[in-house]
Amino acid sequence: MNIFITGVTGYIGSAVAVRMIKAGHTVYGLVRHQEKIKAVQSLGIEPILGSLEDADILTKYAQVSDAVIHTADSNHQVAVETLIKALEGSGKPFIHTSGSGVVSDNGLVEHESSYIYDEETVFMPSDPQQDRVFLNQHVRQAGITRGVRTIIIAPSLIYGDAFDLTYTSQILSILFDKSRQMNAGVYIGEGVSRWSNVHIEDLADLYLLALNKAPSASYFYAENGENTFVELAIAMSTSIGYPNHIQSWKLEDATQELGLMARFFFTSNSRVRAIHARHLLGWNPQGISMPAWIAQFVQ
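Note that the coordinates shown come from a computational prediction; the quantities given were computed from them, not determined experimentally.

## With respect to helix H7 (residues 200-213)
Taking 1.5 Å per residue as the helical rise, H7 with its 14 residues ought to reach 20 Å, and the 20 Å between its terminal C-alpha atoms agrees with that figure. Among the residues of H7, those classed as buried are Ile200, Asp202, Leu203, Ala204, Leu206, Tyr207, Leu208, Ala210 and Leu211.

## A look at the packing of helix H4 (residues 77-87) against helix H5 (residues 130-145)
Axes are the key here: two packed helices are described by the angle between their axes and the distance separating the axes. Direction vectors running N to C along H4 and H5 enclose 5°, while the axes themselves pass 11 Å from each other. Comparing the axis directions of H4 and H5 gives the class roughly parallel. The residues of H5 that touch H4, namely those facing Gln77, Val80, Glu81 and Ile84, are Asp131, Phe134, Leu135, His138, Val139 and Ala142. In terms of residue class, the contact of H4 with H5 is made up of 6 nonpolar, 2 polar and 2 charged.

## Things to note about the packing of aromatic side chains
A complete count under the given rule lists 9 aromatic pairs for this structure. Relative to Tyr61, the ring of Phe4 lies with its centre 5.8 Å away and its plane at 40°, an arrangement referred to as tilted. Placement of the pair is Phe4 in strand S1 (residues 2-6) and Tyr61 in helix H3 (residues 55-64), with a sequence separation of 57 residues. For the pair formed by Phe4 and Tyr61, the shared burial category is buried. Relative to Phe265, the ring of Phe229 has its centre 6.1 Å away and its plane inclined at 65°; by these criteria the two rings are edge-to-face.

## Things to note about the pairing of strand S10 (residues 218-222)
With 5 of its 5 residues buried, S10 lies for the most part within the structure. Every second residue of S10 is oriented toward a common face, with Ser218, Phe220 and Ala222 on one face and Tyr219 and Tyr221 on the other, all of them buried. Examined bridge by bridge, strand S6 (residues 149-155) and S10 share 5 bridges and lie parallel to one another. Paired with Pro155 across the bridge in S10 is Ala222.

## Things to note about the nonpolar core
In terms of nonpolar packing, the biggest core is built from 68 residues, with Ile5, Met20, Phe94, Leu203 and Tyr207 touching the most fellow members. The element that contributes the greatest number of residues to this core is H7, accounting for 8 residues. Look past the residues within four positions of Leu203 in its chain and what remains in contact with it is Ile12, Ile153, Pro155, Ile158, Val198 and Ala222. Phe229, Ile240, Leu251 and Phe297 belong to the second largest nonpolar core, which has 27 residues in total.

## Description of the sheet that holds strand S3 (residues 46-49)
Ordered in space as S3-S2-S1-S4-S5-S6-S10, the 7 strands form an open sheet in which the pairing is parallel. In this open sheet, the two edge strands, each paired with only one partner strand, are S3 and S10. Each strand of the sheet is rotated relative to its neighbour by a mean of 20°, with strand direction disregarded. Bridging between S1 and strand S4 (residues 67-70) involves 4 bridges; their strand directions are parallel. The residue bridging Ile3 from the neighbouring strand is Ala67, located in S4. Against the sheet, H3 engages S1, strand S2 (26-31), S3 and S4, with an angle of about 150° to S1.

## Focus: unusual backbone geometry
In this structure, Asn183 takes a positive phi of about 55° despite not being glycine. Residue placement: Asn183 occurs in the loop between helix H6 (170-182) and strand S8 (185-188). Asn183 gets classed as partly exposed once you look at its relative accessible area, which sits at 34%. Non-glycine residue Ala217 carries a positive phi angle of around 65°. Within the secondary structure layout, Ala217 lies in the loop between H7 and S10. For Ala217, a relative accessible area of 13% puts it in the buried group.

Conventions used here
Residues numbered from 1 in each chain as written. Predicted model: local features only at pLDDT ≥ 70, side-chain atom pairs only at ≥ 80, totals over all residues. Heavy atoms only, no water. Helix = DSSP H or I, 4+ residues; strand = E, 2+ residues; numbered from the N terminus. Expected span 1.5 Å × (residues − 1). Buried < 20%, exposed > 50% of the residue type's maximum accessible area, 1.4 Å probe, protein only. Axes fitted to C-alpha atoms, helices over the stretch in contact; angles between N-to-C directions. Parallel < 35°, antiparallel > 145°, perpendicular 65-115°, else oblique. Contact = heavy atoms within 4.5 Å. Nonpolar A, V, L, I, M, F, W, Y, C, P; charged D, E, K, R; others polar. Phe/Tyr/Trp six-rings, centres within 6.5 Å; stacked < 30°, edge-to-face > 60°. Pairing = 2+ DSSP bridges. Core = buried A, V, L, I, M, F, W, Y, C linked by side-chain atoms within 4.5 Å.

This is how it looks when you write it as structure tokens:
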């Protein structure tokens, strides 16, 4: 099968592309920058130079491919609509990458939430997530009315070794960098909020299963555990050589440096359960836990 993947130089996209190639598929990968082409080729990906703004390129490679996987900007409505329009009436698979942040709370009050969501749980998105939820609904509707086998995968916080192009997720990179500066495992504010998480290799396996087995208009969370940010800070302290030495990064200071991300991610909760992935697709994640991986990881 020929598969067109956006975002192949990213954390998710590179892992998914490698998994598809190992399964015997040919991958066309959208690459924005010329200097990334050799790195992409080293992974066995056939690079396509262009961007999400290049409607002609998106249309061409969606139509010449047997499936499309969108792992680039998950909020890029124009690109998503271009890809769906290119696939309309073909019955081909279109996998759109979202995120479990769609069910995150607003982080205005630091607490460990008791709310846990699966794919059937009705929820009201916080303000920063409304556009993403709207786009998810649009993609699923296209799977019913426009002749495309649409699938949404919503990963939780991702960890694990990447595939040569990147090192780790943006969130963990922020915490690792600040932990080195402060010589302690760092959490923001009180660190009591809780996020589900998933290993990158397990996530890549889920994309392959979804490509092969998922029905149209389907929706899958991806998770295999959850932790508070204090628990991650303890693991990070071991990784940087200061075992069990943890420290709060004051929310006010973090907000000055990171903007609203400090509150809407690091002090929010996103607890999900991947019921559909396990029961409908037979997904069986095997990766080590997030704290165990962090404790042994050295950047």
